[in-house]
Amino acid sequence: MNKDRRDFLKLAGVTVAGIGASSAFHALLSGEAAASGLRRAGVVKTKAETRLGMVIDINKFIEHRGLAQRCIDACHSIHNVPDFANPDHQVKWLWTDKFEHVFVKDTHYRQAEKLQGTPVLALCNHCDNPPCVRVCPTRATFKKADGVVAMDYHRCIGCRFCMAACPYGARNFNWLDPRGKNERGNPLIRKLNRRYPTRTIGVVEKCNFCAHRLAVGELPACVEEAAAYEAIFFGNLNDPQSAISQVLREKFTITRRGSLGTRPSIFYIV
Amino acid sequence: MYGSGRIISALLVFVGLVTFPIWYNAGKAQQPPVLQMPAAEHPECVRDVLYMRTSHMVLLNEWRDDILRKSGPRFGVTTGGVRYERSLQKGCMSCHRDKQNFCAQCHVYTAVDPNCWDCHLEPTSEEALLSWTNEEVILNEEVILK
């Protein structure tokens with residue numbers, strides 16, 4: 001067989017390209033499988049020793065009309081949450097919204113009539129599969145070993161990716177200086193709690209499940225406020241002996257937007 | 001040289017202006033800040049003076065990352081057995097209550113501008129007044145070596 005120089009070079013080039021392409025393809029494919037988030041999307045479940053969670057009994061809050069607001073006030077005063085009057089600037093850690101807004105109707109054809117318009121307490125769901133943690137470019141938001149989705153405000157650059165990622169609206173951006181004053185000259189944080197920091201303009205903030213209170217053996221502020229009414233239960237979901245596990249075994253509960261695969265740690269008794 | 005009178009006198013004025021900071025400050029040595037010991041219940045700091053002077057931000061960052069991310073202990077114990085809270089706002093500032101004379105003095109001297117107090121709350125002015133003894137710590141090496 002007569003091979004000239006030109007043919008040899010052609011063949012060599014095609015061979016090298018073929019080898020390179022197949023290894024590059026495999027490298028991309030393996031990365032793709034991880035990036036597509038099969039594990040994170042709920043196919044594989046994590047099994048930690050502790051996963052803190054909460055059960056909110058909506059009926060108790062219907063019975064005791066002022067209770068939700070008292071919980072909110074307790075939370076916001078402890079954590080120096082500012083009160084921006086403009087709803088576009090609103091910052092909230094714990095809030096109420098109508099039942100049909102908290103539990104959206106898109107996957108629920110006919111919600112109970114009597115619950116329409118009922119205010120329901122809402123907060124960060126401290127998801128087992130938190131989208132806000134996935135998108136944070138600086139790891140300012142992270143998931144702790146006890147299941148709490150926490151934030152390090154020092155690292156927050158205010159990109160607001162987490163706000164876009166969170167399907168529960170649990171995150172708010174400080175458009176204005178929270179230490180500032182409103183147009184009537186009153187401070188936006190009515191009374192500073194000097195045992196806790198404020199935030200600053202340009203960072204995102206949210207509920208931290210009162211990690212600072214848990215560390216010293218106290219319950220979250222809202223749980224403590226509602227304790228007398230047995231309206232909120234708090235504890236380790238992964239401990240079968242805990243009070244919250246007991247409640248979850250006995251009562252029928254729902255979570256917010258379960259179809260999204262975020263696996264919330266906040267449950268509601270309806 | 002053509003126009004030498006004007007050129008040389010202008011050069012002299014220029015050199016004089018450029019070196020103005022040198023001869024204006026000549027003979028006036030810049031005094032390092034003088035810090036006072038806080039009049040607090042704790043007899044010692046969490047680390048020695050030299051470490052705190054150079055690396056307090058390292059310490060604060062370690063506390064922050066340990067507590068926030070790893071649920072580390074909120075309290076520590078000094079080598080002398082004093083229990084302290086690992087916190088800027090609740091720990092450091094419970095002894096060093098006067099931010100102006102404690103933090104700001106050196107930060108102004110060394111022209112650093114940390115943003116701690118954008119979020120953390122400094123002790124109130126009433127608290128700050130309670131915080132000082134008459135004992136002075138002069139920031140020079142002789143004191144450390146003694």
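Treat the numbers as computed from the prediction; the structure is a model and nothing was measured. (Residues numbered from 1 in each chain as written. Chains lettered and ligands numbered in written order. Predicted model: local features only at pLDDT ≥ 70, side-chain atom pairs only at ≥ 80, totals over all residues.)

1. Focus: the overall build of chain A
The secondary structure content of chain A amounts to ten helices and ten strands. Relative to the 2.2 N^0.38 estimate, which gives 18 Å for 270 residues, the radius of gyration of chain A is 25 Å and therefore markedly larger than a compact globule would have. When the backbone C-alpha atoms are referred to their principal axes, chain A occupies close to 95 × 50 × 40 Å. In chain A, which comprises 270 residues, the share counted as buried stands at 34%. Once local pairs closer than 6 in sequence are excluded, the contacts in chain A between residues at least 24 apart make up 66%. (Helix = DSSP H or I, 4+ residues; strand = E, 2+ residues; numbered from the N terminus. Rg over C-alpha atoms; globule rule 2.2 N^0.38 Å. Buried ≥ 20, exposed ≤ 12 C-beta atoms within 10 Å, placed from the backbone. Contact = placed C-beta atoms within 7 Å.)

2. Some details on the overall build of chain B
Looking only at helices and strands, chain B has seven helices and four strands in total. The order of helices and strands in chain B, counted from the N terminus, is α-α-β-α-β-β-α-α-α-β-α. Relative to its 146 residues, chain B shows a buried fraction of 11%. Counting only contacts in chain B whose residues sit at least 6 apart along the sequence, the fraction spanning at least 24 positions is 72%.

3. Description of the domain arrangement of chain A
How big an interface is tends to be reported as the loss of accessible area on association of its parts. Along its sequence, chain A is carved into domain 1 (5-36) and domain 2 (41-269). If you average the C-alpha positions of domain 1 of chain A and of domain 2 of chain A, the two centres end up 49 Å apart. (Domains from an automatic or database assignment.)

4. Topic: the environment of P32(B)
Inspection of the secondary structure assignment puts P32(B) in the loop between α2 (20-24) and β1 (34-38). The exposure class of P32(B) is partly exposed, given the 13 C-beta atoms found within 10 Å.

5. A word on the sheet that holds strand β9 (residues 253-254) of chain A
Residue and element names in this part refer to chain A. Reading across from one edge, β8-β1-β10-β9 is the order of the four strands in this open sheet, with mixed pairing throughout. Sheet topology places β8 (232-236) and β9 at the edges, where each strand pairs with a single neighbour. Bridge count for strand β1 (residues 52-57) against β8 is five bridges, and the pairing is antiparallel. Bridge pairing in β8 places G53 opposite G235. On the sheet, helix α10 (residues 243-250) packs against β1, β8, β9 and β10 (266-269) and is oriented at approximately 115° with respect to β8. (Pairing = 2+ DSSP bridges. Axes fitted to C-alpha atoms, helices over the stretch in contact; angles between N-to-C directions.)

6. Section: the environment of W117(B)
Its location among the elements puts W117(B) in the loop between α5 (99-109) and α6 (125-129). Linking W117(B) and Q89(B), residues 28 residues apart in sequence, is a C-alpha distance of 9.5 Å.

7. Considerations on the nonpolar core
Residues and elements named next belong to chain A. Counting residues in hydrophobic clusters, the biggest one holds 57 residues, and the most contacted among them are I56, C71, L94, L121, L123, C222 and I232. Counting residues per element, this core draws most heavily on helix α4 (residues 67-78), at five residues. Excluding its chain neighbours within four sequence positions, the residues that come into contact with C222 are C71, A74, C75, L94 and I232. (Core = buried A, V, L, I, M, F, W, Y, C linked by C-beta atoms within 7 Å.)

8. Brief notes about unusual backbone geometry
Leave glycine aside and you will find that most residues have negative phi; peptide bonds, for their part, are mostly trans. Non-glycine residue R139(A) carries a positive phi angle of around 55°. Relative to the helices and strands, R139(A) resides in the loop between α6 (131-135) and β4 (141-143). Positioned with a positive phi, S71(B) is a non-glycine residue whose angle comes to about 50°. Given 17 C-beta atoms within a 10 Å radius, S71(B) is considered partly exposed.

9. Notes on helix α4 (residues 88-95) of chain B
Residue and element names in this part refer to chain B. For α4, the complete set of buried residues consists of L88, C92 and M93. One side of α4 holds all its buried residues, which, seen down the axis, span an arc of 90°. Next to the buried residues of α4 lie α3 (49-70). (Arc of directions from axis to C-beta.)

10. Topic: the confidence of the model for chain B
Residues and elements named next belong to chain B. On average, residues of chain B score 84 in pLDDT, and 86% of them are at 70 or above. At the low end of the mean pLDDT range in chain B sits helix α7 (residues 141-145), at 41; at the high end sits helix α1 (residues 4-18), at 95. Here residues 137-146 is a poorly scored stretch, pLDDT under 50, and it has 13 contacts once near neighbours within four places are set aside; other chains count. This complex was scored by the predictor with a pTM of 0.79 and an ipTM of 0.78. (pLDDT = per-residue confidence, 0-100.)

11. Re the pairing of β10(A)
All names here are of chain A. When β1 meets β10, the two strands line up parallel, connected through four bridges. Residue pairing for β10: D57 is matched across the bridge by I269. Pairing geometry for β9 and β10, over two bridges, is antiparallel. Considered in β10, the bridge of T253 is made with I269.

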